[in-house]
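Read off the chains here:
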Amino acid sequence: MISLQEIYSKIKHPLSENIKFAATKCDRYSIENNSKNEFMKRLLVLILCIASVLSVSAQSKKVLVAYFSCTGTTESVAKAVAQAVKADLYKITPLKPYTSADLDWNNKSSRSTLEMKDSNSRPLLANKKANIKAYDVIFIGYPIWWGKCPTIINTFMEAYDFNGKTVIPFATSGGSSILNSEKLLKQLYNKNIYWKQGMLLNDGATQAASWAKKIL
Ligand SMILES: Cc1cc2nc3c(=O)[nH]c(=O)nc-3n(C[C@H](O)[C@H](O)[C@H](O)COP(=O)(O)O)c2cc1C
């Protein structure tokens, strides 16, 4: 039979010393008592220990909600996400704010139309003060523009080092899906970033809060 310490040796976790201690105890107990039932009982306790250690460590992750919003819809769900998972909030701010004329998608030469047509467009950020280094998980929220994320999200992704981070997109829209924007982001920024499946949060704060708790 495989020993619990052998099981332990397969576990790679920052809190694994606690698990190792429990595994050693269980092995010793089962050898001394030579009882299959006791071994199974202790194994169950060990599994519960591991589950609680993992859930404590999930809660202790440092989480940031970074979002871009021009007319407030994404901002309000970003706030709900941050509150639900006790995350810090960071507003992605363009150096040059978007006017309503800039946002006119019916105008072929409005700023947003021109930016979204140009895959190399990278609107400048007002600052680079997001302390991405300090976080394990970064939610990134944006409105869907022309079926994609606004190109300032590309600027943001390229302004910081997301190496080893978990990134979770969310969006609001007039009805379009988030899927295309997610696909494009994952294609462009695929080096050592752990992308989790994103979510369109058009149903407001309650939907945003319950999704955020589940996805984390
Ligand atoms: C330039 C521009 C393009 C847009 N393109 C789309 C689109 O392709 N599909 C869609 O469903 N909504 C589109 N919308 C609507 C926004 O995604 C929606 O209103 C969003 O909730 C706005 O978020 P905000 O208030 O945080 O800026 C567009 C809005 C703008 C300004």
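Here, the structure is the one placed above.
All values reported here derive from a predicted model rather than from experimental measurement.

## Examining the overall build of the chain
Thought 1: A count of helical and extended segments in the chain gives eight helices and six strands.
Thought 2: For the chain, with 216 residues in total, the buried portion stands at 28%.
Thought 3: Considering only residue pairs separated by 6 or more positions, the chain has 70% of its internal contacts joining residues 24 or more positions apart.

## Quick notes on the packing of helix α4 (residues 73-84) against helix α8 (residues 205-215)
When two helices pack together, their arrangement is given by the angle between the helix axes and the distance between those axes.
Thought 1: Following both chains from N to C, one finds α4 and α8 inclined at 40°, their axes separated by 8 Å at the closest point. Taken as axis vectors, α4 and α8 run oblique relative to one another. The two elements α4 and α8 cross, and the hand of that crossing is right-handed. Contacts from S76, V77, A80, V81, Q83 and A84 of α4 reach α8 at A205, A208, A209, A212 and K213.
Thought 2: The residue makeup of the contact of α4 with α8, split by class, is eight nonpolar, two polar and one charged.

## Description of the environment of F162
Thought 1: Mapped onto the elements, F162 comes out in the loop between α6 (151-159) and β4 (166-172).
Thought 2: In this structure the C-alpha to C-alpha distance between F162 and Y189, which are 27 residues apart in sequence, comes to 8.9 Å.
Thought 3: In contact with F162, other than residues within four places in its own chain, are I132, M157, V167, Y189 and I193.

## Side note on the pairing of β4
Thought 1: Of all seven residues that make up β4, six are buried, and the element is covered over most of its length.
Thought 2: The pairing of strand β3 (residues 137-143) with β4 spans seven bridges and is classified as parallel. Paired with G141 across the two strands is F170, which belongs to β4.
Thought 3: In terms of handedness, the path from β3 via α6 over to β4 forms a crossover that is right-handed.
Thought 4: Pairing of β4 with strand β5 (residues 194-195), which is carried by two bridges, proceeds in the parallel orientation. Directly across from T166, in β5, lies its bridge partner Y194.
Thought 5: Alignment of β4 against strand β6 (residues 199-200), held across two bridges, turns out to be parallel. The residue of β6 that forms the bridge with A171 is L200.

## Brief notes about unusual backbone geometry
Thought 1: Positioned with a positive phi, K86 is a non-glycine residue whose angle comes to about 55°.
Thought 2: Tracing the backbone shows K86 in the loop between α4 and β2 (88-91).
Thought 3: Its 10 C-beta neighbours within 10 Å are what place K86 among the exposed residues.
Thought 4: The backbone phi angle of N192 is positive, close to 60°, even though this residue is not glycine.

## So, the site of the ligand
Thought 1: For the ligand, the set of nearby residues contains 20 residues, the closest of which are S69, T74, P143, G174 and S176.
Thought 2: Sorting elements by how many residues they give to the shell around the ligand places α4 first, with three residues.
Thought 3: Of the residues assigned to the shell around the ligand, the class counts are seven nonpolar, twelve polar and one charged.

Reading the values: the criteria
- Residues numbered from 1 in each chain as written.
- Predicted model: local features only at pLDDT ≥ 70, side-chain atom pairs only at ≥ 80, totals over all residues.
- Helix = DSSP H or I, 4+ residues; strand = E, 2+ residues; numbered from the N terminus.
- Buried ≥ 20, exposed ≤ 12 C-beta atoms within 10 Å, placed from the backbone.
- Contact = placed C-beta atoms within 7 Å.
- Axes fitted to C-alpha atoms, helices over the stretch in contact; angles between N-to-C directions.
- Parallel < 35°, antiparallel > 145°, perpendicular 65-115°, else oblique.
- Left-handed = near helix turned anticlockwise from the far one by under 90°.
- Nonpolar A, V, L, I, M, F, W, Y, C, P; charged D, E, K, R; others polar.
- Pairing = 2+ DSSP bridges.
- Right-handed = clockwise from strand over helix to strand, strands pointing away.
- Near = placed C-beta within 6 Å.

So, to be careful, I would describe these as geometric facts and stop short of saying anything about function.
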